[in-house]
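Report on the structure
This is what each chain is made of:
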Amino acid sequence: MYRFICVEKAQFTVVLLCAVLGVARSSYYAWEAGKQARGVPEREDLALVQEITVIRVASKRTYGVPRVHAELRRRGAQ
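Residues numbered from 1 in each chain as written. Predicted model: local features only at pLDDT ≥ 70, side-chain atom pairs only at ≥ 80, totals over all residues. Heavy atoms only, no water.

Description of the overall build of the protein chain
The number of helices and strands found in the protein chain is four helices and zero strands. Listing each helix as α and each strand as β along the protein chain from the N terminus yields α-α-α-α. Computed over the C-alpha atoms, the radius of gyration of the protein chain is 21 Å, more than 25% above the 12 Å expected from 2.2 N^0.38 for a compact globule of 78 residues. Counting only C-alpha atoms, the protein chain reaches 55 × 20 × 15 Å along its principal axes. Burial status across the protein chain gives 19% buried among its 78 residues. (Helix = DSSP H or I, 4+ residues; strand = E, 2+ residues; numbered from the N terminus. Rg over C-alpha atoms; globule rule 2.2 N^0.38 Å. Buried < 20%, exposed > 50% of the residue type's maximum accessible area, 1.4 Å probe, protein only.)

Below, the structure written as structure tokens:
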């Protein structure tokens, strides 16, 4: 619902959208404020997936979880 409000607020007021959807404006604004904080872990996850993919391709897909984990630790990943 909050994504819908975010998209449609260019056409309609947030007050109207929240009233029609039965959502408190404060909840929408709290979601909006937390949007950036939620994006940080997603970017970190994507970077980790890319690094794991590089390790797997470099090992010709022979490394399993223990070796990939060891390689990540060697490279300094948390």
